[in-house]
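# Residue-level structural notes
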Amino acid sequence: MIRDDSVSGASLQASQHRDGERYRYVVAVVLALVYMLNFLDRQILSILAEPIKLELGLSDTQLGLLTGLTFALFYALFGIPVALIADRWNRVRVIAAACSLWSLFTAASGFAGSFLSLALARVGVGIGEAGCSPPAYSILSDYFPPERRGRALGIYVLGVPAGSLIGTVAAAWIAAHYGWRAAFISVGLLGLLAAPLILLLIREPQRGRYDAGGRAQPPGAALDAFRFFFRSPALVLNAIASGLTAFVSYGIINWTPAFLTRVQGMTLPQIGTYYGLVLAGSMVVASWLGAVFSDRLGARNAVYYPLLPGLGLVFMIPLLIGFTLASSWQMSLLLMIIPVVLTSTYLVPALALLQNRTPARYRATASSLLLFLINLTGLGCGPLLVGAISDWLAPVYGDRSLVYALQCLIPFALLAFAFQCASAWAIRKESRAVSTG
């Protein structure tokens with residue numbers, strides 16, 4: 001039987017004193033840095049898509065598979081068993097082991113000589129990265145009380161823009177000077193060096209310290225966690241809405257470097273400098289907005305968790321069209337900012353809703369189910385659809401086929417908005433049932 005190494009038997013007051021206010025933010029920042037490495041390893045393939053395509057002779061559909069489904073399928077599938085382990089074992093050790101694994105396969109990507117070998121390396125990256133976020137969410141929920149979890153999750157999600165910026169700048173610079181293979185190897189080695197530091201800097205917290213009077217929580221059965229999640233229409237609809245939002249978000253983000261290079265004529269160094277800054281800045285704003293929605297509005301009325309990100313999807317549609325039809329790369333970058341912000345704001349509210357409504361003993365498993373739908377639907381299918389449509393339209397439109405492929409994301413944005421509204425309705429209905437029961 002897998003042993004739970006969580007702190008047990010200590011009172012909540014003593015545990016709070018030992019950790020301290022400052023240390024809990026140290027934990028949040030360290031986990032954000034780990035997530036930065038996680039997202040950096042995930043994003044680097046999109047940044048280097050064009051030189052990889054030229055050297056290995058890949059199609060856009062194959063690139064869509066590599067940046068999307070090949071990674072996301074295994075990332076989503078392995079996230080569930082890893083989360084079950086994290087609900088029973090030391091979560092810090094799970095994250096450290098996962099970091100070592102995904103970094104090893106990132107470095108291996110630099111030695112790929114064909115689509116198949118690169119795909120196998122991305123499978124390994126996906127399996128490794130599955131062990132990062134579910135246990136990290138669970139750890140943060142045991143360091144921060146419910147009314148401050150949006151803030152903690154907002155810090156953690158800052159790993160996305162940090163990974164995007166560093167990945168874009170570093171990968172573009174290394175690839176421009178030493179080739180795309182050196183970029184993969186360098187990033188992988190960085191993660192292998194960082195993995196042991198996780199064990200030194202983060203202490204495993206008492207599980208469920210802010211739930212049920214702060215008593216240690218026994219691990220829940222896997223079937224019980226699944227039943228809890230799927231018996232809540234609010235959580236299920238929120239997960240579907242998040243997956244569809246991620247479909248649009250990843251479709252835009254994963255193909256923007258290729259669009260700016262192929263259609264708008266940007267060079268790789270320009271991508272590394274200007275696109276990296278714009279993408280990172282947009283995601284920082286998205287993380288901040290998500291934290292504000294969660295702690296100031298969602299904590300008072302949970303319907304705002306899905307409703308406000310849903311409204312943002314509608315407002316971003318005209319700007320997405322302008323982004324694809326702009327006459328220069330400078331204008332495309334400017335018009336890209338708000339679509340990226342509005343399609344990335346959903347994550348912190350979705351996580352806060354899940355963490356606040358899920359018992360501590362189920363949190364890692366419930367988080368893995370949310371991530372399963374987000375990544376299989378969003379990361380797995382969004383980039384693949386854009387790539388497949390681009391290939392289909394290429395005989396008629398040439399390089400501009402990517403313009404129309406990106407515009408095909410608009411119906412999915414509207415569908416995501418509909419599910420966000422349905423999630424808000426389910427939350428309101430469940431809240432009324434609790435208050436009248």
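Residues numbered from 1 in each chain as written. Predicted model: local features only at pLDDT ≥ 70, side-chain atom pairs only at ≥ 80, totals over all residues. Heavy atoms only, no water.

### Let's talk about the overall build of the protein chain
The helix and strand inventory of the protein chain stands at 18 helices and zero strands. Projecting the C-alpha coordinates of the protein chain onto the three principal axes gives extents of approximately 65 × 45 × 35 Å. Each of the 437 residues in the protein chain was classed as buried or not, and the buried ones make up 58%. Pairs at least 24 residues apart make up 85% of the contacts formed inside the protein chain by residues separated by at least 6 positions. Here the protein chain has roughly 16,300 Å² of accessible surface; of this, 69% comes from carbon and sulfur atoms. (Helix = DSSP H or I, 4+ residues; strand = E, 2+ residues; numbered from the N terminus. Buried < 20%, exposed > 50% of the residue type's maximum accessible area, 1.4 Å probe, protein only. Contact = heavy atoms within 4.5 Å. Areas by Shrake-Rupley, 256 points an atom, 1.4 Å probe, with all protein chains shown as cover.)

### As for the side chain of S368
Note on placement: S368 falls in helix α16 (residues 363-397). Not counting residues within four places of it along the chain, the set of residues in contact with S368 comprises G79, I80, A83 and P134.

### Quick word on helix α11 (residues 233-262)
The end-to-end C-alpha separation of α11 is 43 Å, in line with the 44 Å expected for 30 residues at 1.5 Å each. By the largest-angle criterion, T256 marks the main kink of α11, which is about 45°, and a proline, P257, follows within four residues. By the criterion of burial, α11 is predominantly enclosed, with 27 of the 30 residues buried. (Expected span 1.5 Å × (residues − 1). Bend = angle between axes of the 7 residues up to and from the residue.)

### Comments concerning the environment of G154
As for its placement among the helices and strands, G154 is situated in helix α7 (residues 149-157). Measuring from C-alpha to C-alpha, the distance between G154 and A32 comes to 9.3 Å, with 122 residues separating the pair along the chain. Beyond its immediate stretch of four places on either side in the chain, G154 contacts S287, A291 and V348.

### A short note on α16
Under the 1.5 Å per step criterion, the end-to-end length of α16 is 48 Å for 35 residues, consistent within 8% with the ideal 51 Å. Roughly 35° is the biggest bend found in α16, and it falls at C381, with proline P383 one to four residues downstream.

### A closer look at the state of the cysteines
If you walk through the whole model with that rule in mind, you get zero disulfides. The thiol sulfur of C99 is not disulfide-bonded, and the nearest other cysteine sulfur, from C132, lies at 7.7 Å. Classification of C99 as buried rests on a relative accessible area of 0%. In this model C381 remains outside any disulfide bridge; the closest cysteine sulfur is found in C408, 15 Å from its own. (Disulfide = S-S within 2.5 Å.)

### What about the nonpolar core?
Judged by nonpolar contacts, the single largest core of 121 residues is most densely connected at L31, L48, I52, Y156 and Y275. Excluding anything up to four places from it in sequence, Y156 contacts L31, A32, Y35, C132, S133, A136, Y137 and L140. (Core = buried A, V, L, I, M, F, W, Y, C linked by side-chain atoms within 4.5 Å.)

### A look at the packing of helix α12 (residues 268-298) against helix α14 (residues 329-344)
At a minimum axis separation of 8 Å, α12 and α14 run at an interaxial angle of 30°. What the angle tells us is that α12 and α14 run roughly parallel. Considering the relative orientation of α12 and α14, their crossing is right-handed. Residues Q270, Y274, Y275, V278, L279, S282, M283, V285, A286 and L289 of α12 form the contact with α14, whose participating residues are W329, L333, M336, I337, V340, V341 and S344. Tallied by class, the residues present in the contact of α12 with α14 amount to 14 nonpolar, three polar and no charged. (Axes fitted to C-alpha atoms, helices over the stretch in contact; angles between N-to-C directions. Parallel < 35°, antiparallel > 145°, perpendicular 65-115°, else oblique. Left-handed = near helix turned anticlockwise from the far one by under 90°. Nonpolar A, V, L, I, M, F, W, Y, C, P; charged D, E, K, R; others polar.)

### What about the packing of aromatic side chains?
Counted according to the given criterion, the structure contains 13 aromatic pairs. Ring centres of W180 and F184 lie 5.9 Å apart, and the angle between their planes is 85°; on these two criteria the pair is classed as edge-to-face. Taken together, the residues span about one helical turn, with W180 and F184 both in helix α9 (residues 180-201) at a distance of four residues. Per residue, the accessibility class of W180 equals that of F184, and both read buried. Note on F247 and F412: the rings are 4.3 Å apart at their centroids and 25° apart in plane angle, and the pair reads as stacked. Here F412 lies in helix α18 (residues 410-436) and F247 lies in helix α11, a separation of 165 residues in the sequence. Accessibility expressed as a relative area gives 26% for F412, which makes it partly exposed. (Phe/Tyr/Trp six-rings, centres within 6.5 Å; stacked < 30°, edge-to-face > 60°.)

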